[in-house]
Amino acid sequence: PNPRRRKHQRRRDVGGGRGPPSAGGRINGYGIAEENLRKEDGDEGGGGGSEDEEESPWDVVRRHPLTYAVIFLGLPYSLHLLRLYLLLRKPHWLPASLGPILAGGAGGGGAGVGGFRAPALRPAVSQSDERQVLIVGSMSSGTSQAASDLSSTFGLEVGHEDTDASWKFVRDGSVSWFHGIRFFPEGEGEGEGDYDDDDDEDGRRRRYRESVPRAVCSSNYALISSNRFLVNPFGAGHALFGTPRYSCSHLHPNFAQCWMTECVRMMRDEYGCARRGDCPTPFRRTLIQAREPLRIVESLVAKYCRRNRPGGEEGKREDGKEEETDPPDSLMRFLGALFTGQHDFGEDGSCSSVMANYVLLYYNVLLDARREGLIDGLYRIETAELCDVADMAGLTDRQSAVYLPNHERASELCGGRGRRDDDGSEGDGDEEGPSTRPGRMGKDRNVINKGRVDIGISLGDRTLDKRMKALYRDLGYDFPKGR
């Protein structure tokens with residue numbers, strides 16, 4: 001109860017002058033000696049001061065526990081967002097002397113191998129501005145490791161499954177599996193029952209372009225509805241291809257529907273855009289990252305179709321390998337939607353077959369795009385040198401570099417190989433390169449799934465085995481004769 005209300009209630013209870021006033025005391029309007037009233041008030045407060053004054057709003061705010069959360073969490077996060085806003089959106093507002101302090105080691109602002117330091121401040125990059133390189137490779141092919149290697153070695157702002165340069169340092173490119181959908185053909189392999197017989201080819205392509213994005217986003221809608229913070233299921237999120245247009249809030253009760261609307265819009269823009277020539281975000285060079293296909297299949301089976309995690313005994317066979325389970329329904333719906341009409345994953349007999357068919361479909365689409373001149377090169381992550389990848393990405397060629405400080409750094413680290421002057425002639429770089437020359441891609445390997453599953457040579461289907469051997473040949477691998 002309010003102390004003042006309690007005090008006034010007491011005054012009414014003892015009001016009317018009941019009881020004699022203290023000697024020499026002054027009587028107030030309630031007929032109570034003020035000296036006695038002050039004494040009672042002092043007793044209520046524990047002998048410390050008067051409660052005649054109410055607690056000020058500042059005292060309430062200062063003592064509230066949320067105040068500490070704002071000070072220790074909200075304020076630093078706000079400063080972090082302000083830093084990103086200035087560096088990525090409004091770098092022209094910053095003086096040159098303040099830029100390196102705010103940039104720190106972010107993106108091209110930090111010193112990389114060889115001690116070369118690029119300018120900390122660089123122009124803002126919008127979604128429609130050209131980036132240096134896009135590297136596409138299957139899930140579990142080492143895309144995360146490749147993005148880390150390129151960023152740490154050459155100081156590039158390369159993201160993993162992200163191209164939103166308005167809030168993240170991805171102004172030089174991305175390494176992604178899902179960006180491969182820009183090379184998917186439109187209207188090929190679709191079920192005939194979904195279209196009218198009198199549809200012309202353009203009409204079929206338009207309807208296919210409408211149906212696939214909605215099917216892919218709908219396959220993930222249940223996951224988003226149950227967990228609104230899972231914004232990138234299977235690496236396919238509503239903010240993957242740029243800044244969301246609708247600013248969906250995680251706290252909004254209709255977040256899942258907002259996510260769905262945003263996802264469909266971005267998928268429509270991105271799906272098959274390389275073949276149409278209207279991709280929202282262009283890249284100077286596009287590369288394929290390959291990994292031995294059966295190793296990808298093993299990794300995906302261990303990730304999605306194993307009964308226990310490393311260190312557990314439940315679900316293991318007599319040979320020590322883990323029991324294979326059916327793939328999650330959410331993944332089956334997602335892959336079925338992504339390759340609409342091209343393959344029925346529900347007919348595959350095992351998780352290994354599902355993953356093998358996904359790898360075959362995905363890389364064959366990319367290889368077809370390379371044959372058509374839509375993709376510039378291919379490297380195998382097991383043997384590729386970082387400088388070889390930099391060459392293919394156009395970093396060591398001045399005329400192919402989007403951001404010249406990146407070219408200067410890559411040329412210095414790689415000993416001038418491939419470096420060209422303004423007139424197109426070869427530069428006079430050190431042929432052997434510096435002692436700190438970068439080494440091979442993927443030196444820090446993820447071995448969490450090692451020993452958990454071994455597909456072996458045969459996948460249990462002669463047709464599937466034959467197609468897998470052909471993919472090995474097309475990617476430049478030797479199919480293993482025995483293990």
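Above this text sits the structure in question.
Residues numbered from 1 in each chain as written. Predicted model: local features only at pLDDT ≥ 70, side-chain atom pairs only at ≥ 80, totals over all residues. Heavy atoms only, no water.

S.K.: Can you help me understand the pattern of salt bridges in this one?
M.R.: When their charged atoms lie close together, side chains carrying opposite charge are able to pair. A complete count under the given rule lists 15 salt bridges for this structure. Salt-bridge contacts for Arg295 lead to Glu292; the nearest nitrogen and oxygen are separated by 3.4 Å. Both residues of the pair, Arg295 and Glu292, count as buried. (Salt bridge = Lys/Arg side-chain N within 4 Å of Asp/Glu carboxyl O. Buried < 20%, exposed > 50% of the residue type's maximum accessible area, 1.4 Å probe, protein only.)

S.K.: I tried to follow the sheet that holds strand β3 (residues 173-176) on my own but got confused; where do I start?
M.R.: Note: strands within a sheet are paired through backbone hydrogen bonds, in either parallel or antiparallel orientation. Ordered in space as β2-β3-β1-β4-β5, the five strands form an open sheet in which the pairing is parallel. Bordering the open sheet on either side are β2 (158-160) and β5 (377-380), each of which pairs with just one other strand. Across this sheet, the average inter-strand angle for adjacent strands is 20°, counted without regard to direction. Looking at chain direction, strand β1 (residues 131-136) and β3 are connected through four bridges and run parallel. (Pairing = 2+ DSSP bridges. Helix = DSSP H or I, 4+ residues; strand = E, 2+ residues; numbered from the N terminus. Axes fitted to C-alpha atoms, helices over the stretch in contact; angles between N-to-C directions.)

S.K.: I tried to follow a nonpolar patch on the surface on my own but got confused; where do I start?
M.R.: There is a patch of nonpolar side chains on the surface, built from Tyr68, Ile71, Phe72 and Leu73 and spanning about 480 Å² of accessible area. As for its placement among the helices and strands, Tyr68 is situated in helix α4 (residues 65-89). Look at Tyr68 and you get partly exposed, because its relative accessible area is 48%. (Patch = residues over 30% accessible without salt bridge, like charges linked within 9 Å, V, L, I, M, F, W, Y side chains within 5 Å. Areas by Shrake-Rupley, 256 points an atom, 1.4 Å probe, with all protein chains shown as cover.)

S.K.: For this particular structure, what's the right way to read helix α10 (residues 293-304)?
M.R.: Each full turn of the α-helix corresponds to 3.6 residues, which orients residues three or four apart in the same direction. Taking 1.5 Å of rise per residue, the 12 residues of α10 would be expected to cover 16 Å, and the 17 Å separating its terminal C-alpha atoms lies within 8% of that figure. Taken across its 12 residues, α10 has 11 buried, putting it largely inside the fold. Looking at the buried residues of α10, the elements they touch are α11 (329-338), α12 (351-371) and α15 (462-475). (Expected span 1.5 Å × (residues − 1). Contact = heavy atoms within 4.5 Å.)

S.K.: Would you mind going over the nonpolar core with me for this structure?
M.R.: Across soluble globular proteins, nonpolar side chains show a tendency to be buried alongside one another. Ranked by internal contacts, the top residues of the largest apolar core, which has 68 residues, are Phe178, Leu338, Met355, Tyr358, Tyr362, Tyr363 and Met468. When residues of this core are assigned to their parent elements, the largest contribution, 14 residues, is made by α12. Apart from residues no more than four positions distant in its own chain, Tyr362 is found in contact with Val136, Gly137, Ser138, Ser176, Trp177, Gly180, Phe184 and Phe339. One finds Val158, Leu287, Ile381 and Met441 within the second-largest nonpolar core, a separate group that totals 23 residues. (Core = buried A, V, L, I, M, F, W, Y, C linked by side-chain atoms within 4.5 Å.)

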